[in-house]
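Structural description and commentary
Residue-level listing of the chains:
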Amino acid sequence: TQTPASRRTHSIVDQAARELALAALAAEIEKEEKQALRHYQIEEGEIPPSPEVAKRFDVILQLGKGGMGVVYLCRDPRGKGKVVAVKDIRTELKPGMKVEQRVEHEAMLLKELDHPGIVKVYDFLKFPRGSAIVMEYIDGLPLDHEIGAGRRVSWDFGLRVLKDIGLALGYAHTRGVIHRDIT
């Protein structure tokens, strides 16, 4: 039988062993993160990719960032070097929100869509600290570059853009997908 003093000693030893194991695990994770990011040069103002994205893809550059995550231009070594856009969704960017389930649901819906006005979703990846949506990369300038900063656009250009958006939204709506940013 154990005495109260020996139980306390075991308890203290167990706690110290747990703390050492956690410290070793944290050091191993930090080492893996540094290794995964060794080829990526972070520019000023950029958010580095998550270690999981950096390990899975060859990250080329940050394309943009929004409320749900950061989008990177990547080369997929598992996909014969195919260039893709990867939306890196990090739980630490939205603490307290249940974004994981919503994002996964939306990605699975979008995977089923096939329309020239809607970017193709190839895959949804889950990680311990976030997730990623692997999408088609479309080369070119974002629409806000064409119409932003008080620029005037021609009626023809504006009509073409609105028609393309309307056709894509109509297609999505007929398949039960409602775009959250359109009100």
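Just above, that's the structure.
Predicted model, so just to flag it, every value in this text is computed and none were measured.

The rules behind the values
- Along each chain, the written sequence defines residue order, and numbers are assigned to residues from 1.
- Selection of residues for local features in this predicted model requires a pLDDT of at least 70, selection of side-chain atom pairs for listing and counting requires 80 or more, and totals for whole chains, interfaces and linings are taken over all residues.
- Processing note: side-chain calculations cover all non-hydrogen atoms of the structure and skip hydrogens and water entirely.
- By definition, two strands form a pair when at least two bridges between them are found by DSSP.
- The helix and strand labels rest on DSSP assignments: H or I over at least four residues marks a helix, E over at least two residues marks a strand, and numbering proceeds from the N terminus.
- Only C-alpha atoms enter the line fits that serve as axes; for helices the fit covers just the stretch in contact. Angles between N-to-C directions range over 0 to 180 degrees.
- Just to be clear on terms, a salt bridge is a Lys or Arg side-chain nitrogen sitting within 4 Å of an Asp or Glu carboxyl oxygen.
- We call a residue buried when its accessible area falls under 20% of the maximum for its residue type, exposed when it is over 50%, and partly exposed in between, using a 1.4 Å probe and counting protein chains only.
- To estimate how far a helix should extend, the number of its residues minus one is multiplied by 1.5 Å.
- Any two residues whose heavy atoms approach within 4.5 Å at even a single point are treated as in contact.
- Note on patches: the residues involved have over 30% relative accessible area and no salt bridge, like charges join within 9 Å, and the nonpolar side chains Val, Leu, Ile, Met, Phe, Trp and Tyr join within 5 Å.
- Computed by Shrake-Rupley with a 1.4 Å probe, the accessible areas treat only the displayed protein chains as cover when residues are assessed.
- Only Phe, Tyr and Trp rings are paired, with Trp represented by its six-membered ring, and only when their centres lie within 6.5 Å; those with planes under 30 degrees apart are stacked, over 60 edge-to-face, the remainder tilted.
- Here, a charge over a ring is recorded when the distance from Lys NZ or Arg CZ to the ring centre is within 6 Å and its angle to the ring normal is within 35 degrees.

1. What about the sheet that holds strand 3 (residues 82-90)?
- Spatial strand order, 1-2-3-5-4: five strands in an open sheet with antiparallel pairing. Across the chains shown, the open sheet's two edge strands, defined by having one partner strand only, are strand 1 (58-65) and strand 4 (121-127). Taken pair by pair, the neighbouring strands of this sheet meet at an average axis angle of 25°, ignoring direction.

2. Regarding the pattern of salt bridges
- Tallied over the entire structure, the rule returns three salt bridges.
- One salt bridge connects Glu104 with Lys126, and the closest N-O pair in it is separated by 3.3 Å. Within this pair, whereas Glu104 is found in helix 3 (residues 99-111), its partner Lys126 is found in strand 4, the two being separated by 22 residues in sequence.
- Residue classification places Lys126 among the exposed positions, given a relative accessible area of 56%.
- Asp114 is the salt-bridge partner of Lys120, the closest N and O atoms lying 3.8 Å from each other.

3. So, helix 5 (residues 155-174)
- Over its 20 residues, helix 5 runs 28 Å from end to end, which matches the ideal 28 Å to within 8%, given 1.5 Å per residue.
- Of the positions making up helix 5, those classed as buried are Phe157, Gly158, Val161, Ala168, Leu169, Tyr171 and Ala172.
- Of the surrounding secondary structure, the elements contacted by the buried residues of helix 5 are helix 4 (143-147).
- Backbone geometry just after helix 5 places Gly176 at a positive phi near 85°.

4. Overview of a nonpolar patch on the surface
- Residues Leu143, Ile147, Val153, Leu162 and Ile165 make up a contiguous nonpolar surface patch of roughly 420 Å² in combined accessible area.
- Within the secondary structure layout, Leu143 lies in helix 4.
- Here Leu143 falls in the partly exposed class, since its relative accessible area comes to 36%.

5. Looking at the pairing of strand 1
- Examined bridge by bridge, strand 1 and strand 2 (residues 70-76) share six bridges and lie antiparallel to one another. Bridging across to strand 2, Gly64 finds its partner in Val71.
- Hairpin connection of strand 1 to strand 2: four residues between the antiparallel strands.

6. Focus: the packing of aromatic side chains
- Across all of its chains, the model carries zero aromatic pairs by this definition.
- Looking at Arg56, its charged tip hangs above the ring of Phe57, at a distance of 4.5 Å from the centre.
- Above the face of the Tyr122 ring, Lys82 is positioned so that its terminal group lies 4.1 Å from the ring centre.

Nothing here speaks to function; it is all geometry.
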